[in-house]
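Survey of secondary and tertiary structure
Okay, here's what each chain looks like letter by letter:
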Amino acid sequence: MWVDLPGKSYHYADGSTIPPPTIPPGIGEDLHQISLGLRIAAGIMMGLIFIFSIGFMGWTYYHRTTHIVRASQPFFLYIICIGTFIMGSAIIPISIDDGIVSVEGCDIACMFSPWLVTYGFVIAFSALFSKTWRINQIFHHPQLRRVTVNIKDVIVPFLILLGLNTIVLICWTAISPLKWERVHTDARDDFGRPLDSTGRCTVENNKSLPFVVLLLIINMAVLLLANIQAYQARTITVEFSESKYIGIINASILQAGIIGGPLLVIAGSEPSAFVLTAVGGIFVICMSMLLLIFIPKMKYLQEWKKKRFSSRSGSNVSGIKVLNNPRGDDYELRQLKFQIEASKVEKSETSRKMELLRQALASRGIEMDDLLPNENESFQDNRV
């Protein structure tokens, strides 16, 4: 607004001393910030991931002594819950923009979200990959053994995946981190004031592109390998059909990556669409892992409890227990048969190792009979 000062006269651009009209107020700039409704929806999806991750972890601990949970190894189930929890927490930085925090806070959120997504995915997926890989290693081996995924089986691929992703993320963060930037469009009013802009995480001269490509190559390669392993294990029957559900999870993650990746690129210029796509993808991946791993186990456990209660409710006449439905206990019979076969295999494996030990001692001129005179006959009987 022009203000006249006493005793002063000004000559304006048109050569007169009459001040030009005051510039009218602008109609306002459309910032395209994330709406409150979208933040609430993202928070609900994140809350569901947290609730199911913590809930299934507590369920695993509570039923850790049951044969259904022990058959799947509690450590394996804990790893999945921890991974989905970390991956779900990435929704927090993804939902941040300059409408609620400063530009410096947006810079931190931009680079923090890839770390959380990558680490959560690696932790959860390493358990799934190790399980499928171990099943194929054992069942395609000439000597069948019981499938057990030990901590070592999960740690090895976990450390390899984590190490490769960590190296790429560190280089990305140090060399060309993501920065928050508000980009103005060409829309201007008559006085040159901007009318439209979008705020998003940007890269400088595409220097971050190689790191993004490396992360995609590493994780997509492992994902494809896991799907190949799951396809090879499609005809293998293990306890509680676990390999089938792991295969479904791997296929779901692959589909989410193939569909979600291009959608993120397309929606990159619209913050709300980008947030919705990214949060939806994280929610689908995490929930598919949790539900397809735990819901079948909960179902099997419930059926086992019902059949166990039904068998206990049978009558007992003259010391002989009569089941109400002696032919309806197929589940228990399958489990007993599986345990008997596993015991036979373990016994044969022990005998084989004892035979190898016997041969090694004999090559050194030592007789096992002298070392274990009382157990020699039992080893002879169990020899394969």
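Use the structure listed above.
Summarised in this report is the structure supplied together with it. (Residues numbered from 1 in each chain as written. Predicted model: local features only at pLDDT ≥ 70, side-chain atom pairs only at ≥ 80, totals over all residues. Heavy atoms only, no water.)

Here we come to the side chain of Thr 118. Note on placement: Thr 118 falls in helix H5 (residues 103-139). Take Thr 118: its relative accessible area is 10%, and that puts it in the buried class. Once residues lying within four places of it in the same chain are set aside, the contact partners of Thr 118 are Asn 165 and Leu 169. (Helix = DSSP H or I, 4+ residues; strand = E, 2+ residues; numbered from the N terminus. Buried < 20%, exposed > 50% of the residue type's maximum accessible area, 1.4 Å probe, protein only. Contact = heavy atoms within 4.5 Å.)

A cluster of nonpolar residues, Leu 36, Ile 40, Ile 44, Leu 48 and Ile 51, forms a patch on the protein surface that exposes about 490 Å² of accessible area. You can see Leu 48 is positioned in helix H1 (residues 36-62). Exposure remark for Leu 48: the relative accessible area of 32% places this residue in the partly exposed category. (Patch = residues over 30% accessible without salt bridge, like charges linked within 9 Å, V, L, I, M, F, W, Y side chains within 5 Å. Areas by Shrake-Rupley, 256 points an atom, 1.4 Å probe, with all protein chains shown as cover. Salt bridge = Lys/Arg side-chain N within 4 Å of Asp/Glu carboxyl O.)

Working definition of a disulfide: a covalent bond connecting the sulfur atoms of two cysteines. Across all of its chains, the model carries one disulfide by this definition. Residue pairing for Cys 110: its cysteine sulfur links by disulfide to Cys 201, the two sulfurs lying 1.9 Å apart. Measuring the twist about the S-S bond at about -85°, one finds the Cys 110-Cys 201 disulfide to be left-handed. Of this pair, Cys 110 sits in helix H5 while Cys 201 sits in strand E2 (residues 197-202); the two residues are 91 residues apart in sequence, bridging distant segments of the chain. (Disulfide = S-S within 2.5 Å.)

For helix H3 (residues 74-89), built from 16 residues, the straight-helix expectation of 22 Å at 1.5 Å per residue is met to within 8% by its first-to-last C-alpha distance of 23 Å. Taken together, the buried positions of H3 are Phe 76, Leu 77, Ile 79, Ile 80, Cys 81, Gly 83, Thr 84, Met 87, Gly 88 and Ser 89. (Expected span 1.5 Å × (residues − 1).)

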